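Spelled out from the first residue to the last, the chains are:
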Amino acid sequence: MKTRKIIFAADFAPIRHFSQLLKADPASVYGDMRNILLQADYAIVNLESPLHCPDGFIAKSGAAFSGELEHISSLAAGNFRAAVLANNHTFDCGKAGFDRTCEVLRNNGIAYVGAGENLASARKPLTFELDGIKVALFAISEGEDMMGASENSPGVRPWEVEKLADDIRQARKDFDIILVSAHCGLEYQPYPSFYVYEAFELWAQAGADMIIGHHPHVPQGMTVFGRTPAYFSLGNFIFYQPVRLLHRKTGYLLELEIGKSGIVSHRPIPYRITDQGVRSLNEAESAGFADLFARLSAPLGDREQARRAWHAVLAYNGIDGFKDELSRILKTMQDDPVKGAAMLRNRVCCIQHSSQWTDGMSRIMDGSINDAPPEMVGMVREFMTREVEEL
């Protein structure tokens, strides 16, 4: 049976410390991971930044940033043939930045998916063929900061879970492999939000062959729904964060071997993010990652255990965490009303935040906010506090 290799990489943003590095030597940021990328028959990356910002940044709840046109060379150096744009930074520079980014991607032979001039174009999957193996890639995002496309306005594909399930069922008739890229979930947590777990399960039931999550900026585990592997978060990739927290400096590529009959094999390939870029893990680090990945994945094989893992995230945050976040929003509204309004609107409208607040408030009200497995709460604490010993 003929097989081909696809590699999926998570968050790529040519910003902060990496910006000049990528311009000076576009290939160096990949370190020894570049050899792995070059072996792919088709490599895909989540491009979490526009590449041009002609009119300045939009007002939004979180950080806004942009790369530069020269950074397209680093995508080419990574052997990437497609970029996912369904994320919360694609429209940081408005429609003009989005248009210019799409133009430079097209001019360099890099396809893109998950965002468009309107809802119909944002919904459209990326389709390609590898030696007769027909592949469709759907990309979806939570549409944070009201960036979801509508019938008559540009944006990313918003969080329309049932509609995507219908699209998967339709595509099943025409494609050998159906992949789903989902930019979703609460940032920095070791376990997926439960609404993410439910969505991945539904898409698997609809006929997806592989579901790939990103956005939390830390690695999360995986499970298999029926015959469908689902990886919940690949962590950061070429995305520099000025912290020393171990799990924000750790991520993994997802390597898939595909054939006409489906996914033949799949595996995470972990790396460390340093000031010079990414590098493969040494033997001790690899063993540590394998143990961590197994522990992160363990509760995800059972629906109720996955729900309890989500409850551990809420328990770690606790009443004080919700009070602190609300205080920050109110203070920001006083100091900078536009920014504060964007923060509050996002907590209401974006499912990542609204699910945390709804579930958290409900558990405070019924007295169960602290009812979570201690070992899972400990894992959340580790992700929020453990620092990297050596980069």
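Quick caveat, the model's predicted, so the values are computed rather than measured.

## Description of the overall build of the chain
Item 1. A count of helices and strands for the chain gives twelve helices and 16 strands.
Item 2. The C-alpha atoms of the chain give 20 Å as radius of gyration, which agrees with the globular expectation for 391 residues (21 Å, within 12%).
Item 3. Over its C-alpha atoms, taken along the principal directions, the chain stretches across nearly 55 × 45 × 45 Å.
Item 4. Per-residue burial for the chain yields a buried fraction of 58% across its 391 residues.
Item 5. Put simply, the chain shows about 15300 Å² of open surface, and 49% of that area lies on carbon and sulfur atoms.

## So, helix 4 (residues 94–107)
Side chains of residues three or four places apart in an α-helix project in the same direction, reflecting 3.6 residues per turn.
Item 1. Along its 14 residues, helix 4 runs 20 Å from first to last C-alpha, staying within 8% of the 20 Å computed at 1.5 Å per residue.
Item 2. Those residues of helix 4 that are buried lie in contact with strand 2 (42–47), helix 3 (72–77), strand 3 (80–84), strand 4 (111–113) and strand 5 (115–116).
Item 3. Backbone geometry just after helix 4 places Gly 109 at a positive phi near 70°.

## Some words on the pattern of salt bridges
Item 1. All told, the structure shown has 26 salt bridges when counted by the stated rule.
Item 2. Here Glu 255 makes a salt bridge to Arg 267, at a shortest N to O gap of 2.9 Å. Of this pair, Glu 255 sits in strand 14 (residues 250–259) while Arg 267 sits in strand 15 (residues 262–274), and the two are twelve residues apart along the sequence.
Item 3. Among the ionic pairs, Asp 291 bridges to Arg 295, the shortest N-O distance being 3.1 Å. Of the two residues, Asp 291 and Arg 295 are both situated in helix 8 (residues 283–297); the distance of four residues between them amounts to about one turn of the helix.

## Re the packing of helix 9 (residues 303–335) against helix 12 (residues 374–385)
Item 1. Taken N-terminus to C-terminus, the directions of helix 9 and helix 12 make an angle of 55°; their axes are 8 Å apart at the nearest point. One way to sum up the angle between helix 9 and helix 12 is to call them oblique. Where helix 9 crosses over helix 12, the handedness of that crossing is right-handed. Judged by residue contacts, Gln 305, Arg 308, Ala 309, Ala 312, Val 313, Ala 315 and Tyr 316 of helix 9 engage Met 376, Val 377, Val 380, Arg 381, Met 384 and Thr 385 from helix 12.
Item 2. Split into classes, the residues belonging to the contact of helix 9 with helix 12 amount to nine nonpolar, two polar and two charged.

## Section: the packing of aromatic side chains
The geometry of an aromatic ring pair is captured by the separation of the ring centres together with the interplanar angle, meaning the angle of the planes.
Item 1. One pass over the structure, following the stated rule, counts 21 aromatic pairs.
Item 2. Considering the side-chain rings of Trp 159 and Tyr 195, the 5.8 Å spacing of their centres and the 85° angle between planes classify their relative orientation as edge-to-face. Here Tyr 195 lies in helix 7 (residues 194–206) and Trp 159 lies in the loop between strand 8 (155–156) and helix 6 (161–171), a separation of 36 residues in the sequence.
Item 3. Looking at Trp 159, the relative accessible area reads 16%, which means it is buried.
Item 4. Aromatic side chains Trp 159 and Trp 203 sit 5.5 Å apart centroid to centroid with 70° between the ring planes, which places their arrangement in the edge-to-face category.

## Quick notes on the state of the cysteines
Item 1. By the definition in use, this model includes one disulfide.
Item 2. One disulfide bridge connects Cys 53 with Cys 93, the sulfur atoms lying 2.3 Å from each other. Linking Cys 53 and Cys 93, the disulfide has an S-S dihedral of approximately -100° and is accordingly described as left-handed. Of this pair, Cys 53 sits in the loop between strand 2 and helix 3 while Cys 93 sits in the loop between strand 3 and helix 4, placing them 40 residues apart in sequence.
Item 3. Sulfur of Cys 102: no disulfide; nearest cysteine sulfur belongs to Cys 93 and is 13 Å away.
Item 4. Residue classification places Cys 102 among the buried positions, given a relative accessible area of 3%.
Item 5. Take Cys 184: it sits in no disulfide, and the sulfur closest to it among the cysteines is that of Cys 350, at 10.0 Å.

The rules behind each value
- Residues numbered from 1 in each chain as written.
- Predicted model: local features only at pLDDT ≥ 70, side-chain atom pairs only at ≥ 80, totals over all residues.
- Heavy atoms only, no water.
- Helix = DSSP H or I, 4+ residues; strand = E, 2+ residues; numbered from the N terminus.
- Rg over C-alpha atoms; globule rule 2.2 N^0.38 Å.
- Buried < 20%, exposed > 50% of the residue type's maximum accessible area, 1.4 Å probe, protein only.
- Areas by Shrake-Rupley, 256 points an atom, 1.4 Å probe, with all protein chains shown as cover.
- Expected span 1.5 Å × (residues − 1).
- Contact = heavy atoms within 4.5 Å.
- Salt bridge = Lys/Arg side-chain N within 4 Å of Asp/Glu carboxyl O.
- Axes fitted to C-alpha atoms, helices over the stretch in contact; angles between N-to-C directions.
- Parallel < 35°, antiparallel > 145°, perpendicular 65-115°, else oblique.
- Left-handed = near helix turned anticlockwise from the far one by under 90°.
- Nonpolar A, V, L, I, M, F, W, Y, C, P; charged D, E, K, R; others polar.
- Phe/Tyr/Trp six-rings, centres within 6.5 Å; stacked < 30°, edge-to-face > 60°.
- Disulfide = S-S within 2.5 Å.

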